[in-house]
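Structural characterization, general
In case you want the letters, here they are:
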Amino acid sequence: MHPNLSFEQAPPISVPYRFFLVAPWFGVIAGLLLAWSGGEVLASRWTPESLALVHLIAVGFMLQAMSGALFQFIPVAVGGNVWRPLWISNVVQPLLILGALLLVAGFYLSAPVLLAAAVPALLLGVGIFVSVVLLALWRTPATGMTLWTMRIAVVGLVVTVLLGSLLVEAMSRGLALPIIELTNVHLAWGLGGWALMLVAAVSYFVVPMFQLTNPYPLWFARWFGPLLLAMLLLWSVLWFCDDLRPAQLIGAPLALLCGAFATMTLRLQYTRRRKINDATSLNFRVAMIALLVFAISGAAMAIDPGLADDPRAAVWLGMLAFPGVFVSTISGMMYKITPFLNWLHLQRLGAPISAVPNMKKMIPGDSMTAQFRLHVLAVLLLPAAVWLPSLAEVAGLVFSVSCAWLAWNLTLAMNSYRRFRDQIRASALRC
Amino acid sequence: MSTTQPLFQHHKHCDEIFADAEEACSNGDWAAGAGAFASFAGQLEAHFLSEEEVLFPAFESATGMTSGPTEVMRGEHRQMRDLLAQMKQALADRDSDGFGGTAETLLIMMQQHNMKEENILYPMCDSALGGTDIGNSIAQRLAAS
């Protein structure tokens, strides 16, 4: 069957919106949890609060937002047809929310029973989601590195969730498994194999599109994803060898590869044709600077493991990656996707294009800019709080307010859609 | 040279003059903006016509697909022409917010349209129209625009 290239394949607007509107609230909870718990919980990545915080962002904020974006992105960007998106999201989203909340509560309360209860919800939710998404990604007639990198990313999500489930089983049943090594591998697949891989796939598409940059060089797009995958595989295997030094050493080129992606993206942005700075391009720039700092820090720790002896070093990396890289990227993307979705679905109501409000009328620009500034403050305060614990309360509060503001801006976008839709329908009735 | 290479390259050219027009108008430089916009609108129209009058009919007659991807692309051309008309009005009214908002909308519309063409439709056309002279005739039309 030939592709029809139509947006008819795109899901109803409620599908991406439901994920986007829920995601920031996990960030609100994370910020409040940090503010409530205080800076001492950042002393190590193994404190119950640290584990709860990281999963609030990874399984709460990021997985919600990235799932919602994939439902929209696959039909529009790579011509894939996701099977029954409304029905699937009705089933998947509650499972992901339930799984995230149980997981976070299980870590925070150190309650293995809650952790064990989270596993079936997440396995089922992610399992259904991944099945339909992979099917769509494999059946599309499109080609190109966005598609291939996206396929690798979804496989990365599967590996991350399976390893996470294994870790929970090991902890709740007391299985004799190498927890630290498995956690390192789980984390690397989550951050590199899934999240950064997806950001790369989407960036190949949206960075040239939104900012009119040159495309990513073909050699870069061809090599980055597969090389990242190969290094992750090698890194995963080496952690289980008797000598840990090779595993630590491979961390340096792995981190530098992430840094290469950040450098390439920043270079493209610097030479962009479109000079207008909006909340999307600014968020992307913050994300890539955070990724560069993450890569330099990670490489330094791999070369000189003494630097990572302080348990706070891993938390520093986490603060750079989760709020710095991924919350920034996702916020920037949502600020571009939601106004365009509104416009796209409004013009499909059958009104003349001149009756459909333009994209800048969906979310007030000043409100996006102000939220972006607060987010930058949070991105500066959170890593600083790792070394200056007295900053943790204010960092948590600022992050929480910033996420609530993001939720508010997205709610404004949804309300704009409803208001304009009702206006268009009412004027159609009058005609 | 593949059949659709001139159109592929012309997408980039349209992007460049779009950015000039948007930047000038958002800075309130209406004189420069008017010139850049006229150039952009002319080039975009020439691009649409090359597809609608040359490429799509050739593809449709070679494959028999008359209601498939080419029909969707024609529909999107109509939408983009409407957006161009709104930008032209905003330019005449010196309405920088209206111009900027519509330009933003057109940019995304145009970019996703280009991606669909470049990733899906153009490869289909190259495969269906390989060995014909369609590519040269499109290149000549675009060069004359």
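Refer to the structure printed above.
Residues numbered from 1 in each chain as written. Chains lettered and ligands numbered in written order. Predicted model: local features only at pLDDT ≥ 70, side-chain atom pairs only at ≥ 80, totals over all residues. Heavy atoms only, no water.

1. Notes on the nonpolar core
If you look at the biggest cluster of nonpolar residues, it comprises 181 residues, and the most contacted ones within it are Phe 261 of chain A together with Phe 40 of chain B. Broken down by element, this core gets its largest block of residues, 21 residues, from helix 10 (residues 312-347) of chain A. Counting 18 residues, the second-largest nonpolar core is a separate cluster that includes Ala 58, Val 72, Ile 138 and Leu 142 of chain B. (Core = buried A, V, L, I, M, F, W, Y, C linked by side-chain atoms within 4.5 Å. Buried < 20%, exposed > 50% of the residue type's maximum accessible area, 1.4 Å probe, protein only. Helix = DSSP H or I, 4+ residues; strand = E, 2+ residues; numbered from the N terminus.)

2. Here's the deal with the pattern of salt bridges
Enumeration according to the criterion identifies 16 salt bridges over all chains in this entry. Note that Glu 16 of chain B and Arg 273 of chain A form a salt bridge whose closest N and O atoms lie 4.0 Å from each other. Of this pair, Glu 16 of chain B sits in helix 1 (residues 5-26) while Arg 273 of chain A sits in the loop between helix 8 (245-270) and helix 9 (279-303), which puts the two residues in different chains. Here Lys 336 of chain A and Asp 278 of chain A are joined by a salt bridge, their closest N and O atoms 2.6 Å apart. Of this pair, Lys 336 of chain A sits in helix 10 while Asp 278 of chain A sits in the loop between helix 8 and helix 9; the two residues are 58 residues apart in sequence, bridging distant segments of the chain. There is no split in this pair, since Lys 336 of chain A and Asp 278 of chain A are both buried. A network of salt bridges, in which partner residues are shared, links Arg 274, Asp 278 and Lys 336 of chain A together with Glu 22 and Glu 104 of chain B. (Salt bridge = Lys/Arg side-chain N within 4 Å of Asp/Glu carboxyl O.)

3. Concerning the packing of aromatic side chains
Counted according to the given criterion, the structure contains 17 aromatic pairs over all chains. Each ring, one from Tyr 216 of chain A and one from Phe 220 of chain A, has its centre 6.2 Å from the other, and the planes form 25 degrees; the classification is stacked. For the pair Tyr 216 of chain A and Phe 220 of chain A, a shared accessibility class is recorded, and that class is buried. Their ring planes at 10 degrees and their centres at 5.6 Å tell us that Phe 220 of chain A and Phe 224 of chain A sit as a pair that is stacked. Residue Phe 220 of chain A and its partner Phe 224 of chain A are both found in helix 7 (residues 218-238); the two are separated by 4 residues, about one turn of the helix. Over the face of the ring belonging to Phe 210 of chain A we find Lys 336 of chain A, whose NZ or CZ atom lies 5.4 Å from the ring centre. Note that Lys 12 of chain B overlies the ring of Phe 8 of chain B, its terminal NZ or CZ placed 5.4 Å from the centroid. (Phe/Tyr/Trp six-rings, centres within 6.5 Å; stacked < 30°, edge-to-face > 60°. Lys NZ or Arg CZ within 6 Å of the ring centre and 35° of its normal.)

4. Remarks on the interface of chain A and chain B
Bring the parts together and some accessible area is lost; that lost area is often taken as the interface size. If you look at the interface, chain A gives 30 residues, while chain B gives 36 residues. Across the interface of chain A and chain B, roughly 2900 Å² is buried in total on both sides, 69% from carbon and sulfur atoms. Along the contact surface separating chain A from chain B lie 5 salt bridges. When residues of the side of chain A that touches chain B are traced back to their parent elements, those giving at least two are helix 2 (48-78), helix 6 (179-211) and helix 10 of chain A. Its residues placed into classes, the side of chain A that touches chain B shows 16 nonpolar, 8 polar and 6 charged. (Contact = heavy atoms within 4.5 Å. Buried area = accessible area lost by both parts, 1.4 Å probe. Nonpolar A, V, L, I, M, F, W, Y, C, P; charged D, E, K, R; others polar.)

5. So, the packing of helix 2 (residues 30-63) of chain B against helix 5 (residues 134-144) of chain B
Residues and elements named next belong to chain B. One way to put it is that helix 2 packs onto helix 5 with a least axis distance of 10 Å and a crossing angle of 165 degrees. The angle between the axes of helix 2 and helix 5 places the two elements in the roughly antiparallel class. Here helix 2 runs over helix 5; the crossing is right-handed. Across from Ala 46, His 47, Leu 49, Ser 50, Glu 53, Val 54, Leu 55 and Ala 58 in helix 2, the residues of helix 5 making contact are Ile 134, Ser 137, Ile 138, Arg 141 and Leu 142. Across the contact of helix 2 with helix 5, the residue classes tally to 8 nonpolar, 3 polar and 2 charged. (Axes fitted to C-alpha atoms, helices over the stretch in contact; angles between N-to-C directions. Parallel < 35°, antiparallel > 145°, perpendicular 65-115°, else oblique. Left-handed = near helix turned anticlockwise from the far one by under 90°.)

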